[in-house]
Structures are given as structure tokens and as C-alpha cells.
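Descriptive structure summary
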Number of protein chains: 2
Amino acid sequence: MLHPLKHHIERITPISDQEFEYILSHFTPKKFRKHQFLVQEGNAVPNDFFVVSGLVKASFTNDEQKEHILQFAMEDWWVCDYQAYFNQVNATLNVDCLEDTEVLCLSLVNREKLCADLHKIEHFFRRKSNFGYIALQQRILSLMNNDAKERYQQLLKQHPSLFQRVPKTLIASYLGVSRETLSRLSAQ
Amino acid sequence: MLHPLKHHIERITPISDQEFEYILSHFTPKKFRKHQFLVQEGNAVPNDFFVVSGLVKASFTNDEQKEHILQFAMEDWWVCDYQAYFNQVNATLNVDCLEDTEVLCLSLVNREKLCADLHKIEHFFRRKSNFGYIALQQRILSLMNNDAKERYQQLLKQHPSLFQRVPKTLIASYLGVSRETLSRLSAQ
DNA sequence: AGTTTCGTGTGACCTATATCACACTACTGA
DNA sequence: TCAGTAGTGTGATATAGGTCACACGAAACT
């Protein structure tokens, strides 16, 4: 069976087995258990993470201890505090596991080395980032243009599996509504 | 004096004069007057735009004719309907001029050609996209975590010049509040 | 096995912000 | 030069969604 990362990269650019071997050698596999942190607020962020299996969330917690979820990441998703990672400053986000999770870690040095060595990989990351940008623009529009119920229904349609794996409280804090409001919305 | 695009690229990667000549040859300069559209909803989006001078806005208008501004772009900013541009589908956004504006147009074909030919440029666009992604994440957090007044004050702090060049009504629809609410906020 | 803690629903009440309506000034274009 | 429109302020009112409080079953530690 194809390695999930190879499969993932080849959705954007074909690579040979040797190239993939070389790429993979820049990643470190790691396992985390539910409730463990991949990134913790206030700490350095040496790695970006490609999720091989499991489920994590990336979130910001404000002074009143209110948590806002920026992203869920499951199989085949990347997740990190990119602000901290790319600028090599301490994290303002937390990334933690909602399930036991296996990831491939990519340090910034290895990422830049890979990108410098292999033009294809720089291309891959550029495309990924472009798509990510577009997705975030759409989320901003949705926050500005749609009410809580519409956002809930959109998410349900786009990622139905999430609702099987994630408590509603967290869905609420991803959508930017209180859990009480979400509960009332989904009742109807 | 340095060409604004060369200056812009060299903030990320140094390039020789010959390289810049080659890069620039892939762009087409164009001038637009106030109220003209760079991108119009429903049309194809052949070009991405680098703003040399002037000021534009990128916005989405919903069925009730309510406009949400995704982005302002002035000197040294890039602007487009990237969803439409990268996926070669029709625009859902409008990009139009708030002032007379000069841009450099980059077609998708030329962009991909440049990226394939010149590794440095692919690197440049990857970095730009990374930073753009981070900025949008921060905007999402701000929409979820801050009230209208806080968002107003953040924007005022980050881009004071915008308030000299743009009517408050548009600032409001960038911030995701009604113009009336913004008026009451800025009164205090 | 028993006791916390987590996830969820639901009522009562509160508040930030939207909406509607009107007024006034300053451009803008025939 | 005059009409129309863009930009803005402000009062009155409406409402989506937040907050607080309580309840209850299910999961998870010890």
C-alpha cells in the first residue's frame, strides 16, 4: 500500500520512489496519546506536523479562558502554529490530540533544505499554501456573511465525519458560537 | 530608483538584474481608473495583480446586496480572486478601484512558467503565500475573539493610512460591522 | 464500585450589534 | 448652477446570540 505522505504529495506532483525516500528521510515519525500537546502556547515550535492517523485541534485560548478553534486536523492534514513555526517565535496557539495520533514531524530546517534541494517539493508546498489561503478566505467570508445556523450546516455538509469524532462543544468553538447556541440550533 | 516589484521580491530573495528583467517580462502593466473593475463576479480571472500605485478592494456581495470586504490592496500588495484564478473558474468576488490604480498583471500560465523556470520565484511565492495564510488565520481569530470596537482599534493601529484613503462605510464592511455601529464606535 | 469529570440540553435573562428611518453636508457630473 | 448621489451621524427599535444556572446520563479514573 502507498505511504500516506507519498499519496498526499502525488495529488499535486508525481515523485519517484527514490525521491520519496529522500523526502521521507527528512521527517521524524512520532506518536501522541489523546490530550497530549503537539504545540503548546509559550513554547518554541520546531516542527510542522503531517497527520498520518488520529485527530488534533489547533486553538487559541484568550485571557478569559475561552477557546477558539482554528483548525481540526485528521488523516492527511497538516497542522501547526505557523506563525510561530515560520517566524521562529513562541507559540500563541495550542495543538493537542482529540484521539491517539501518529504524525510525521518536519523541522523548519529540514523543510527549507528539502525545498532548496528539490524544486518539486517547493512547488508542492506552494500549491498547498495557496489552497490553504483560499480556504481561509472562504472561512472569513462565512464568518462575516453567514449566521451560526448556516455555518453549522455548511460544516456538517463539508465534514460530516467530524461530527462523529468531535464533541459538539468543540464544533461550537470552531464555528464561533457558544455551545448552548449550537445545541439549540442543532435541535431543530 | 529600484523597481517596486524588484524591491518587493528582494525582501524575500535576492535576484540579479538579468533575472529581474526576465521576471518582469512575464508581467503586463495596466492602468485602471477609480470605479473600474480588475475582477468582476461571474467573469474569468486570467490575472493576478501586483499593485504599483493606487488602491483597490476585493469584496463579496451577497444576495441581499450586502458587501463584505476581504481585502484592501495598495502599493506593493497582491490582489485577486485566488479561488477563481487558481482553479480557473469564474469569479465570485469583485476587485475594483477606490483610486486610479496601476498594476502589473500576471497570468496563471506565466506564473507557473516563472515558477518552473526560476526556483527562486517559486520560493518567493511560497513564502508570500505562507505569510498570507498566517495573516488570514489572525484575522479569523480576531473575528472570533474580538468585538467590533477592538477590531476597529486594531485596524486603526495596523493601517492608519487606510483611514485617510477609504470611506468609513468600507472600513465597516471590512471589519464585519454595520456602518452605523462603526460610526458609534469611532465617535467615542 | 463509586466518584469525579465530560458532554449535552434547556430555561431565563442580558447585551452587542443589526436594522430602519431621517437628516445634513460635500462632492460630482449634466 | 442645480440635482443627484455618496458619505456620515444619530435616534428608536429589533434580534441573534451570549451568559448564567441547573439537570442528567455516560465515560473515565482510583
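In case you missed it, the structure is sitting above this.
This section reports on the structure supplied with the text. (Residues numbered from 1 in each chain as written. Chains lettered and ligands numbered in written order. Predicted model: local features only at pLDDT ≥ 70, side-chain atom pairs only at ≥ 80, totals over all residues. Heavy atoms only, no water.)

Some remarks on the relation of the copies chain A and chain B
Taken as rigid bodies, chain A and chain B are interconverted by a rotation of 180° and an axial shift of 0.0 Å, the fit giving an RMSD of 0.0 Å. Such a turn and shift between the copies fits a two-fold axis. Considering only C-alpha atoms, the residue of chain A closest to the rotation axis is Arg126 of chain A, which sits at 2.2 Å. Interface overlap between copies is the fraction of interface residues in one copy that are interface residues in the other; for chain A against chain B it reaches 100%, indicating a shared surface. (Least-squares fit on C-alpha atoms with pLDDT ≥ 70 in both. Contact = heavy atoms within 4.5 Å.)

So, the protein's contact with DNA strand C
Taken together, 17 residues are adjacent to DNA strand C, and Lys168, Arg179 and Arg184 of chain A together with Ala148 and Thr181 of chain B come closest. In DNA strand C, atoms within 4 Å of the protein come 45% from sugar and phosphate. One of the backbone nitrogen or oxygen atoms of Thr169 of chain A is found 3.1 Å away from a phosphate oxygen of DNA strand C. In the model, a base oxygen of DNA strand C is placed 2.7 Å from a nitrogen or oxygen of the Arg179 of chain A side chain. (Near = heavy atom within 4 Å. Polar contact = N/O pair within 3.5 Å; in protein donor to acceptor, adjacent residues only side chain to side chain.)

Quick word on the sheet that holds strand 6 (residues 78-79) of chain A
Read across the sheet, 4 strands follow the order 1-8-3-6 (chain A) without closing on themselves; strand pairing throughout is antiparallel. Two strands bound the open sheet, and with one partner strand each, they are strand 1 (27-32) and strand 6 of chain A. (Pairing = 2+ DSSP bridges. Helix = DSSP H or I, 4+ residues; strand = E, 2+ residues; numbered from the N terminus.)

Observations regarding the protein's contact with DNA strand D
The immediate surroundings of DNA strand D are formed by 17 residues, with Ala148 and Thr181 of chain A together with Lys168, Arg179 and Arg184 of chain B found nearest. Glu180 of chain A has a polar side-chain atom sitting 3.2 Å from a base nitrogen of DNA strand D. One of the side-chain nitrogen or oxygen atoms of Arg184 of chain A is found 3.1 Å away from a base oxygen of DNA strand D. Residue composition of the surface near DNA strand D, by class: 3 nonpolar, 5 polar and 9 charged. (Nonpolar A, V, L, I, M, F, W, Y, C, P; charged D, E, K, R; others polar.)

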